[in-house]
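Tertiary structure, described
So you can see what is in the structure, the chains are spelled out below.
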Amino acid sequence: MRILVTGGAGYIGSHTCLELLHGGYDVVVVDNLCNSNPVALERVQALAGKSLTFYQGDVRDLALLRRIFQEQEIDCVIHFAGLKAVGESVSQPWRYYDNNLNTTLALTKVMEEAGRKNLIFSSSATVYTASNTMPLQETSQTGGCTNPYGWTKFMTEQILSGISHADPAWSVCLLRYFNPIGAHESGQIGEDPRGIPNNLMPYITQTAIGRRERLSIFGDDYDTPDGTGVRDYIHVVDLAKGHVAAVNYTVAHQGVEVFNLGTGKGYSVLDMVNTFQQVNQVSVPYQIVARRPGDIATCYADPEKSERMLGWKAEKDLADMCRDAWNWQCKNPQGYQA
Ligand code: NAD
Ligand code: WQD
């Protein structure tokens, strides 16, 4: 089976390409490298001992997409390509709506033309309304997003659901990721954010290695066991395996289906810092600062539907996530740049 992976050079995409190659799938990647490095794909191929086909270009480019679908017999598409920085989306909304919506519109147009209608989309737990009770189920309320990034995920879910309802030949999986962290156990591929990290784990690893002076913990007065925010952190390799399960589901079904990809367990920011320090025997200096605008106290998944229907379940624990994130950081102190 041949899978087209948009955004395949990125953090989650690179780990997914590796799991696909391990699973015996043929992999075709399209990525404009706006937030990634081609070295990631070289390392994926070295780890797999197999090659993939790479097209460098923009997913909004209809001519490029048409060429790919002419040259490759694509059985299923995994659509990762998108911009993902929440704060940046507030200051550059047009860029986020343009990139995240027009990639999907161009891709589905060309898939329709080519008669290739199996699609998996990278959605996010951010589509859930903040007032839901935990754990979040796929049927929990969505909408009321607090930033343009979240709206692009919400709108893309609407677009793909509409397309799928209009033409039952489509098979669409909307995968709502919780908080992916960690890296492949080899330490060869991992998360390589540009500039100051927005997310917790890369901030922790960069602090531990001395690139940042100290971690700022955003608030310790939430209604949680220790007052810091609680999230459902999931190992990126588990997440990647969830995509392989979703490919098998998508090609065997029709219609649109939503799945949470999380562990079902919530950990606080202090749990993360303490586990990281313990597992890796390294210190992470931190200070408590004000809450970050837009953050909620607690967010975690009910992953039961994914286990039941995809036959997939996260297997790695917090210690694995902390160890693998640190291994990647130590082996690549400056990310792929070095
Ligand atoms: P990433 O930035 O590492 O990967 C995205 C990739 O898409 C990059 O390689 C980038 O160069 C490419 N890209 C972006 N716009 C493109 C375009 N127009 N044409 C071609 N390539 C383009 O991000 P990631 O963490 O791997 O996330 C992958 C997807 O998962 C994104 O859609 C993101 O919104 C979604 N997601 C991520 C998280 C997370 O915490 N990392 C959580 C939920 C959802
Ligand atoms: C986790 C916890 C912070 C950084 C974001 C997006 C979401 C999804 C995943 C794409 C929170 C705290 C963080 C720091 C801290 N991405 N924190 N100091 O906010 O749950 O989700 O990434 O879809 O859409 O919003 O993840 O890693 O930023 O924060 O104290 O320097 O760590 O307050 O409690 P978040 P995060």
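Structure's up top.
A brief report on the enclosed structure follows. Values in this document were obtained by computation on a predicted structure and should not be read as measured data.

In this section: the sheet that holds strand β12 (residues 267-268). Here three strands make up an open sheet; going across it, the order is β12-β9-β14 and the pairing mixed. Of all the strands in the sheet, the pair left with one neighbour each is β12 and β14 (298-299). Here strand β9 (residues 230-231) runs beside β12; their pairing, made up of two bridges, is antiparallel. Pairing of Val230 across the sheet is with Ser268, part of β12.

Residues in contact with ligand 2 amount to 18 residues; listed here are only the nearest, Ser124, Tyr149, Ser216, Arg231 and Asp295. Between an oxygen atom of ligand 2 and a main-chain N or O atom of Leu200, the distance comes to 2.8 Å. Take Phe218: an N or O atom from its main chain is 2.9 Å from an oxygen atom of ligand 2. Compared with its free state, where it exposes 680 Å², ligand 2 has 86% of that area covered by protein. Counting residues per element, the shell around ligand 2 draws most heavily on strand β8 (residues 215-218), at four residues. In the shell around ligand 2, the residues fall into eight nonpolar, seven polar and three charged.

Side-chain alternation along β8 places Leu215 and Ile217 on a buried face and Ser216 and Phe218 on a face that remains uncovered. Summarising the sheet, β8 and strand β13 (residues 286-289) pair through four bridges and their orientation is parallel. Residue Phe218 lies in a different strand from β13, and its bridge partner there is Val289.

To continue, consider the packing of helix α1 (residues 11-22) against helix α2 (residues 39-48). Close contact between α1 and α2 brings their axes to 9 Å; oriented N to C, the two are set at 25°. The orientation of α1 with respect to α2, classified from their angle, is roughly parallel. Crossing handedness for the pair α1 and α2: right-handed. Within the contact between the two elements, α1 uses Ser14, Cys17, Leu18, Leu21 and His22 and α2 uses Ala40, Val44, Leu47 and Ala48. Along the lines of polarity and charge, the residues of the contact of α1 with α2 split into seven nonpolar, two polar and no charged.

Rules used throughout
Residues numbered from 1 in each chain as written. Chains lettered and ligands numbered in written order. Predicted model: local features only at pLDDT ≥ 70, side-chain atom pairs only at ≥ 80, totals over all residues. Heavy atoms only, no water. Pairing = 2+ DSSP bridges. Helix = DSSP H or I, 4+ residues; strand = E, 2+ residues; numbered from the N terminus. Near = heavy atom within 4 Å. Polar contact = N/O pair within 3.5 Å; in protein donor to acceptor, adjacent residues only side chain to side chain. Areas by Shrake-Rupley, 256 points an atom, 1.4 Å probe, with all protein chains shown as cover. Nonpolar A, V, L, I, M, F, W, Y, C, P; charged D, E, K, R; others polar. Buried < 20%, exposed > 50% of the residue type's maximum accessible area, 1.4 Å probe, protein only. Axes fitted to C-alpha atoms, helices over the stretch in contact; angles between N-to-C directions. Parallel < 35°, antiparallel > 145°, perpendicular 65-115°, else oblique. Left-handed = near helix turned anticlockwise from the far one by under 90°. Contact = heavy atoms within 4.5 Å.

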